[in-house]
Amino acid sequence: MGKTIKDIQAIKEATLQAFGNRIGNDDDRIYIMTCCGTGCTSSGSLKNRERLEELMERDGLQDKVHLVKTGCFGLCAEGPILVVYPGNVMYTNVQPDDINEIWEAHIKNGRVVERLTSENEQDFFSKQMRISLRNCGRIDPENIDEYIAYGGYEALAKVLTEMEPEDVIKLMKDSGLRGRGGGGFPTGVKWDFAAQQQKTEKYVVCNADEGDPGAFMDRSVLEGDPHSVIEAMAIAGYAIGASMGYVYVRAEYPIAVQRLSIAIQQAKEYGILGDNVMGTGFKFDMDIRLGAGAFVCGEETALLTSIEGNRGEPKLKPPFPAVEGLFGKPTIINNVETFSNIPQIILNGAEWFNGIGTEKSKGTKVFALGGKINNTGLVEVPMGTTLREIIYEIGGGIPNGKKFKAAQTGGPSGGCIPAEHLDTPIDYDSLLKLQSMMGSGGMIVMDEDTCMVDIAKFYLEFTVEESCGKCPPCRIGTKRMLEILTKITEGKGTLEDLDDLEYLATNIKRGALCGLGQTAPNPVISTLKYFRDEYEAHVVDKKCPAGVCVSMLRYKINEDLCKKCGICAKNCPAQCISGSKTEGYVIDNEKCLKCGVCMEKCPFKAIMKNA
Amino acid sequence: MKNKKRVQLTIDGMDVNVPEDYTILQAAKEVNIKIPTLCYLKDICEIGACRMCLVEVEGAKGWQASCVQKVAEGMVVRTHTPDILNFRKKNLELILSNHPAMCQSCNRGSTGCELKTLANNMDTEFANYAKNQEVITANQVLEVDEGISIYRDPNRCILCRRCISVCHNIQTVGAIDVINRGFNTVVGTTFNRPIDESKCVNCGQCINVCPTGALQEHQSLDEFWALMKTGKHLVVQTAPAVRAALGEEFDMPIGTDVTGKMVTALRMLGFHKVFDTDMAADLTIMEEGTELIHRIQNGGPLPLITSCSPGWIKFCEHFYHDMLENVSSCKSPHEMMGAMVKSYYAEKSGIDPADIAVISIMPCTAKKYEAQREELAATGYQDVDMVLTTRELARMIKAFGIDFPALPDGEFDNPLGISTGAATIFGATGGVMEAALRTVADVLTGQSSDSIDYTQVRGNEEGIKEVTLEIAGLTIKAAAAHGLGNARKLMERIKAGEHFDFIEVMACPGGCVNGGGQPQQPSSVRNWMNLAEERAKALYRSDQESFVRKSHKNPAVKELYKTYLGEPGSEKAHHLLHTHYIKR
Amino acid sequence: MCNCKEMEMKFEQLDQIIDKHKAERGALIPVLHEAQEVFGYLPYEVQERIADGLGLSMAKVYGVVTFYSQFSLKQKGRYKINVCMGTACYVKGANDILGKFLGRLKIQVGDCTPDGKFSLDSCRCIGACGLAPVVTINDEVYGRLTPEMVDQIMDEYERKE
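All values reported here derive from a predicted model rather than from experimental measurement. (Residues numbered from 1 in each chain as written. Chains lettered and ligands numbered in written order. Predicted model: local features only at pLDDT ≥ 70, side-chain atom pairs only at ≥ 80, totals over all residues. Heavy atoms only, no water.)

1. Examining the overall build of chain A
Assigned secondary structure in chain A consists of 25 helices and 17 strands. Since a compact globule built from 611 residues should have a radius of gyration of about 25 Å, the 27 Å found for chain A is in line with a globular shape. Across its three principal directions, the C-alpha atoms of chain A cover 90 × 65 × 40 Å. Classification of the 611 residues of chain A by burial places 63% in the buried group. Within chain A, contacts between residues at least 6 apart in sequence are counted, and of these 70% link residues at least 24 apart. A total of about 22,000 Å² of accessible surface is found on chain A, and carbon and sulfur atoms cover 48% of it. Of the charged side chains in chain A, 69 are positive and 83 negative; the average position of the first set lies 5 Å away from that of the second. (Helix = DSSP H or I, 4+ residues; strand = E, 2+ residues; numbered from the N terminus. Rg over C-alpha atoms; globule rule 2.2 N^0.38 Å. Buried < 20%, exposed > 50% of the residue type's maximum accessible area, 1.4 Å probe, protein only. Contact = heavy atoms within 4.5 Å. Areas by Shrake-Rupley, 256 points an atom, 1.4 Å probe, with all protein chains shown as cover. Lys, Arg positive; Asp, Glu negative; His and termini not counted. Charge placed at Lys NZ, Arg CZ, Asp CG, Glu CD.)

Pasting the structure below:
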């Protein structure tokens, strides 16, 4: 039945003992940590596990070798990943066929398979500082004991036995922790508002509706360390006087949902959730609510309306959720990353935390690196790290020797940061100054092949589709902006259209009802600011410099490379390539469908687009 | 109420002192500033969605929706900075860019379309987006839904959501809701099916709150012109509430009783006989009163629930069909009138009922649906051939070029035009009950009581009005509910075991005076006055001034029973004046 | 064609789902999720049963269903193809991948082939950005795709039942 704080302490010691050489103890057992996050699972880590299990059985090594299923290590680009103890050796890009080799060489004979270790590992991890992700890749997220072994639920125990709710709030305020979901509102202040409400029924809600395309840090925390969120939510419940919590998770994250369910179940079995938390008399319970595919539900009032069983449409603020939230009761909403920082802040103190980061942005931030970058994956760095460090040092730079063009942060609510600002230390305020925003931490890198008008259009398409439809500026305004952008990418734009775009953007920003609408024009505003030349190229020269906008593409045969073989003419579905094997060939761009077949089929790479 | 705390604030540099529960919008009105609104409708739609009423509040993060934002001590508000004006104009232009330019042919275009008014006031360029034709992918044309009572044109909808709010929150019907999202958002029915396949009760409250022409009654005027050509004997009847509101369509003050002018106009329109539904209301009291006394004396089923409101009847058929036996079997008054016209009047005047067309002028859209119910055809012909709303009548008068306010008063035709004050108040909530009580009290005590005014059941402040009366040693517990949400509450109480003897339900808030067929008043009027109450005043005034104020004293009614129907509740009365209901 | 028995069983399951959640606040969305699990999509009859069961208006249920992109009004194919259109995938050419599927299947996004074999959808980020561009077919994930690989994958699936 329910465990007391003492019982939990005993579990910690026993589990640590069993960890053996995972924590550097002298021990002859071998541990194989396999990443089972979404990234590695997608690239086949489960097959590796099956293979390892077979070999263990074949060789009768079940007692000696221990397979541990973990969350994300972060270096998703090189998945599937597995780590072997002793030695903490990381193997990357491990295919089922490689397992035999690792098994024979490393597991059975202690020889590291150098060919499968990563060159980038050192760079990737050295500049990182893992607070939120501390347990990801380190523990089995489906085993509560492993969480406890690394100090899990100690913060909750400390709060419940040594601190008053107002002490917790003061600590949170002192730590300087700001919400990691986008806005960056001080967490302690939010909690204080809710705590001050004289209501018996209050709620703690975790926003795990990570909707920014290209952001997956919340998912990774839930997959790799779900208990840290449960612990933090219970702490929040104690601080504000709530006894019920909901986690609102995207249904597109099946693994995260499953791991979180298991974790909640285990916490209930241990009496860490329930009517008498760890025997202290504090009551706190939790449930999961699945999102259903609506980006706007990441907006807090929309999220609450969705939990209530409605269309996830935002409401006016004030009243703020801390005053009138879920089911009309005071509610605090924090996102996964915010919560996952909290147990560490409680244990290590406010000063430890606010010693990290910049003046107004404390602690670390997790970024999901994606796009045209070598080390795609999840990184956690102190606030104030520069874009250059993240992209070139941790991220390993741009693939194929291409030139960096922009980094997009903040998803559809954010903006594109150009090369001239690569040395800006990243925090909430500096990003705002650059017409972008932190958002949840998606960071998409773009190179010279990316068309910035097309990217702005991509984001607008997203917002138009995801707008809830409640207020006219967002419902109609973003649509009109998209129409203008489409016109520009089709080569029909005018300079007047650029003014119209700016004018619309300003008014939508000012007048939309919720955060989604107010930030929807950001990708356009920032690209217009930093890449106006690209817009003008589309409008004035009718050219897409990156060669992305199809209707402006021009195909041309390079006479120097052309061997007059006629393959292009034979394959052209529009029959717009004319000529002969003696005279050579020309493409009639008026009739051309821009399908690219000629370019694909040319054996001599003689066909160029937008030359 | 009176000692509400007041706060001091500044609006556009002017000091304002208002109660603390005022919104900025209300406070601005105090200093003669009308902040433009579009989605806001007091007590009905307060969601701040249309963004027209945004104002700048010093120190607040972003502009605030003044329709819902409450005032605060020391608040500094600016309602029309250049940025705000610019935004409002742009916002309105965006709305217009997705709205068909058909004002000339839109019923709302000439009579107070709120969108058009705002567009005119704000100097918007309707064509600002249209000029960029190639930019705007032709706005998708949505299908128009023509129901028997309700006409919906989603193209003209601006998604203010007032209709949804009234349908869900006030009427608790939920026939329509917001569908899809983003630019494809529409107000619609489930699976976009015709409204007539939904649980819509046709109350038409959605029409009354619609700021544009997106929601209207089913247009029957063309059918009417066709009917005129057939050469049939045209008998028209008008419901009590019509006379209290028709004048509004001709810019007469709200609450003007225009009975006489209306009768004159109807004659000018070519109707052969102008009868008064009030007379049938008296008849209803005779039948329903008798039914009530019978049920009280014979053990139920109680409560007896009134059946005058066809919106309520359909509501009951959908949501409370287990209580249908409590509903009075009396037809609604205009159906009774129809049946009497095609039987009694036809016989008396020697006209074949096949050659008679009964047209009802009603404050109601649900009556359009009611009129075509198969069971309402006592003589083998539909009791009522056509229902026109107050608005449609006004349109006819305008089409004929009649100078309505200048008309002399006319008189209803006999014998079906004679009525009492009791019948007149049928048009307001509590009126049917009051009329019934006046008669029941006399019948039970066997004497003519002097207490005529049952003021406890009047007014629309309370959604459910209750009264307990001691009459001839009997205790009668009665209640009147108006608005279907209130009716639902009352039904739930009854289902939970609470006892009532007599219940009056009117589907529309405030009763028929606020019916779905009445003149549409824009939010600029509705936000600042109690429309239903002003109109009801005209009816109560008329009752007060009536010579006869009890239905059973109506000489025409007495004559009718004596020479034609026999007793109230007789077999013949039952055949002509009663009906049955269908579980849906 | 008559699979009335099967349908009856599904509706029985639906009734159980409704009963299980009925007392919860905000039960509609969990019920819709589970109903879609059972039926594969949310047709009129299913929504009607849910509305009646939870005491909601049908218009409200339909409004909620049409708000969330995960709820479907259309039957899905035996093989559900989902092209990720998240930003990471987009900048790595997801549009071309989607175009390839559109060309091969000759259906629109959101639709199902006439034989009921394939349905095609696009989604916003499944979180496998390291493998961009990514497509899922049922539970199988295909990463680092090129248009040519789409042909190979489709050839393979076309040979399947």
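2. With respect to the environment of Pro-405 of chain B
Residue and element names in this part refer to chain B. Along the chain, Pro-405 turns up in the loop between helix H12 (390-399) and helix H13 (421-424). Counting along the chain gives 157 residues from Pro-405 to Lys-562, while the straight-line C-alpha distance between them is 40 Å. With sequence-adjacent residues up to four places away left out, Pro-405 is seen in contact with Phe-250, Met-252 and Lys-261.

3. So, the domain arrangement of chain B
Residues and elements named next belong to chain B. Under the domain assignment used here, chain B contains domain 1 (6-80), domain 2 (90-132), domain 3 (145-218) and domain 4 (223-577). For domain 2 versus domain 4, the distance between C-alpha centres works out to 39 Å. The interface of domain 2 with domain 4 comprises five residues on the first partner and six residues on the second. With both chains or domains summed, domain 2 and domain 4 bury close to 410 Å², and 37% of this area falls on carbon and sulfur atoms. On the domain 2 side of the contact with domain 4, Asn-107, Arg-108 and Glu-114 bury the most area, a combined 78% of that side's loss. Taken together, the connections running from domain 2 to domain 4 amount to zero salt bridges. On the surface where domain 2 and domain 4 come into contact, there are one residue pair in polar contact (both at pLDDT 80 or more). Class assignment for the residues of the side of domain 2 that touches domain 4 results in no nonpolar, three polar and two charged. (Domains from an automatic or database assignment. Buried area = accessible area lost by both parts, 1.4 Å probe. Salt bridge = Lys/Arg side-chain N within 4 Å of Asp/Glu carboxyl O. Polar contact = N/O pair within 3.5 Å; in protein donor to acceptor, adjacent residues only side chain to side chain. Nonpolar A, V, L, I, M, F, W, Y, C, P; charged D, E, K, R; others polar.)

4. Comments concerning the pairing of strand S1 (residues 6-11) of chain B
Residues and elements named next belong to chain B. Burial along S1 is one-sided: the residues Val-7, Leu-9 and Ile-11 are buried and none of Arg-6, Gln-8 and Thr-10 is. Where S1 folds back on strand S2 (residues 14-19), the antiparallel hairpin that results is connected by two residues, among which Asp-12 adopts a positive phi of roughly 50°. Summarising the sheet, S1 and strand S5 (residues 76-78) pair through two bridges and their orientation is parallel. Bridging across to S5, Thr-10 finds its partner in Val-76. (Pairing = 2+ DSSP bridges.)

5. Concerning the domain arrangement of chain A
All names here are of chain A. Partitioning chain A into domains gives domain 1 (16-125), domain 2 (151-354), domain 3 (364-447), domain 4 (452-539) and domain 5 (553-609). The centre of domain 3, based on its C-alpha atoms, is set 22 Å off from the matching centre of domain 4. Between domain 3 and domain 4, the residue contacts involve 18 residues of the former and 15 residues of the latter. Together domain 3 and domain 4 conceal approximately 1,300 Å² of surface at their shared face, both sides included; 64% is due to carbon and sulfur atoms. Per-residue buried area on domain 3 facing domain 4 is highest for Pro-412, Cys-416 and Gln-435; these three make up 43% of the total on that side. Along the contact surface separating domain 3 from domain 4 lie one salt bridge. With its nearest N and O atoms 2.6 Å apart, the salt bridge here joins Glu-534 to Lys-405. For the interface between domain 3 and domain 4, the tally reads six residue pairs in polar contact (both at pLDDT 80 or more).

6. Here's the deal with the side chain of Ser-343 of chain B
All names here are of chain B. Mapped onto the elements, Ser-343 comes out in helix H10 (residues 333-349). Given the relative accessible area of 6%, Ser-343 is considered buried. Not counting chain neighbours up to four residues away, the residues in contact with Ser-343 comprise Thr-379, Tyr-564 and Leu-576.

7. Structural notes on a negative patch on the surface
Residues and elements named next belong to chain B. A cluster of acidic residues, Asp-257, Asp-409, Glu-411 and Glu-545, forms a negative patch at the surface. Checked against the element boundaries, Asp-409 lands in the loop between H12 and H13. Here Asp-409 falls in the exposed class, since its relative accessible area comes to 61%. (Patch = residues over 30% accessible without salt bridge, like charges linked within 9 Å, V, L, I, M, F, W, Y side chains within 5 Å.)

8. Looking at the sheet that holds strand S3 (residues 135-137) of chain C
Residue and element names in this part refer to chain C. Strand order across the open sheet formed by four strands is S2-S1-S3-S4, with mixed pairing between neighbours. Each edge of the open sheet carries a strand with a single partner, namely strand S2 (118-123) and strand S4 (140-142). With direction set aside, neighbouring strand axes in the sheet form an average angle of 20°. With three bridges joining them, strand S1 (residues 79-84) and S3 adopt antiparallel strand pairing. Bridging across to S3, Val-83 finds its partner in Val-135. (Axes fitted to C-alpha atoms, helices over the stretch in contact; angles between N-to-C directions.)

9. Some points on the pattern of salt bridges
Under the definition given, this model contains 87 salt bridges over all chains. In this structure, the salt-bridge partner of Arg-181 of chain B is Glu-466 of chain A, at a minimum N-O distance of 3.1 Å. Taken together, the residues span two chains, with Arg-181 of chain B in the loop between strand S8 (177-179) and strand S9 (186-188) and Glu-466 of chain A in helix H18 (residues 452-466). Glu-466 of chain A matches Arg-181 of chain B in its accessibility class, with the two residues each being buried. We note a salt bridge from Glu-291 of chain B to Arg-295 of chain B, for which the minimum N-O separation is 3.1 Å. Remark: Arg-295 of chain B and Glu-291 of chain B occur in helix H8 (residues 277-297); sequence separation between them is four residues, near one turn of the helix. Considered together, Glu-291 of chain B and Arg-295 of chain B belong to a single accessibility category, that of buried residues. Salt bridges linked by common partners bring Glu-434, Arg-438, Asp-453, Arg-458, Asp-543 and Arg-549 of chain B together as one network.

10. A word on the state of the cysteines
Residues and elements named next belong to chain B. Scanning the entire structure with this criterion turns up zero disulfides over all chains. Cys-160 forms no disulfide, and the closest cysteine sulfur to it belongs to Cys-45, at a distance of 5.9 Å. In this structure Cys-163 is not part of a disulfide, and its nearest cysteine sulfur, from Cys-160, lies 6.0 Å away. Residue classification places Cys-163 among the buried positions, given a relative accessible area of 9%. (Disulfide = S-S within 2.5 Å.)

11. Things to note about the interface of chain A and chain C
Tallying the contact residues gives 53 residues for chain A and 35 residues for chain C. Together chain A and chain C conceal approximately 3,400 Å² of surface at their shared face, both sides included; 56% is due to carbon and sulfur atoms. Summed over the three residues of chain A that lose the most area to chain C, namely Ala-292, Arg-311 and Phe-458 of chain A, the buried surface amounts to 17% of that side. Summed over the shared surface of chain A and chain C, the result is three salt bridges. Our count for the contact surface shared by chain A and chain C stands at 19 residue pairs in polar contact (both at pLDDT 80 or more). Among the secondary structure elements, those contributing two or more residues to the side of chain A that touches chain C are helix H2 (38-42), strand S7 (285-290), helix H13 (300-307), strand S13 (442-447) and H18 of chain A. The leading source of residues in the side of chain A that touches chain C is H18 of chain A, at eight residues.

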